Amino acid sequence: MAASTVALLLVATGDGKGKTTSALGCALRAAGHGMRVLVVQFLKGGIESGEQRLLSRHGRDLGIGILTLGGGFVRKVDEAARRRTSEWLETAGKAIDDARPEFCVLDELCVALNMGLCDRESAEALIDAALAYGHVMVTGRGAPEWLTARADTVTVIEDVRHPFREGAEARPGVEF
């Protein structure tokens, strides 16, 4: 990133579907401009998503790295879960320092914050580490006030209608 360019903090939050999709679109746009990109996904393990599959196979060719942390949804927030999250944050920080991304996605960091898996200080340290290299986009439901107040761009995605409410299961290529 050029020295005269100020790194931006972007947040995609809300109850609607599309926060990760929006962030990945921004990541592709940045990569299309020749920027180094890193996508860090918290709480997204368990089921391999289409974006994880594609980026693990072709991300290097696109200039996009992906790091998926966690074994899926956390059902119980206890000391062991907080310790794992602390390890994930440390791993993410090392990956950011290694990749020096000009655009970094911290996917579902808001969820980790809301669940009490990490604290504000740890999240801010990770965000600041990424901002040292370039733009950062943080996603997840329920972005905390301190994060939206600090962000340069905040997008709130609203849930108007979704087939989940009628019992539909997640579909490959649409929900994951």
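As the structure is a prediction and not an experimental result, all values here were calculated from the model. (Residues numbered from 1 in each chain as written. Predicted model: local features only at pLDDT ≥ 70, side-chain atom pairs only at ≥ 80, totals over all residues. Heavy atoms only, no water.)

Student: A description of the pattern of salt bridges should follow, citing residues and the corresponding values.
Tutor: Across all of its chains, the model carries six salt bridges by this definition. Residue D128 pairs with R150 through a salt bridge whose shortest N-O separation is 2.3 Å. Of this pair, D128 sits in helix α5 (residues 120-131) while R150 sits in helix α6 (residues 145-150); the two residues are 22 residues apart in sequence, bridging distant segments of the chain. One network of salt bridges, in which partners are shared, links R120, E124, D128 and R150. (Salt bridge = Lys/Arg side-chain N within 4 Å of Asp/Glu carboxyl O. Helix = DSSP H or I, 4+ residues; strand = E, 2+ residues; numbered from the N terminus.)

Student: Quick rundown of unusual backbone geometry? Include the residues and the values.
Tutor: The backbone of R100 shows a phi angle near 50°, a positive value even though the residue is not glycine. Along the chain, the position of R100 falls in the loop between α3 (79-99) and β4 (103-107). Phi is positive for E108, close to 70°, though the residue is something other than glycine. Looking at the secondary structure, you find E108 in the loop between β4 and α4 (109-114).

Student: Let's hear about the pairing of strand β2 (residues 37-42): which residues, and what values?
Tutor: In terms of burial, β2 is a largely internal element, six of the six residues being buried. Going residue by residue along β2, you find V37, V39 and Q41 tucked away on one face and L38, V40 and F42 tucked away on the opposite face as well. Taken together, the six bridges between β2 and strand β3 (residues 64-69) define a ladder with parallel strand orientation. Bridge assignment links V39 to a residue of β3, and that residue is I66. Bridging between β2 and β4 involves five bridges; their strand directions are parallel. Considered in β4, the bridge of L38 is made with C104. (Buried < 20%, exposed > 50% of the residue type's maximum accessible area, 1.4 Å probe, protein only. Pairing = 2+ DSSP bridges.)

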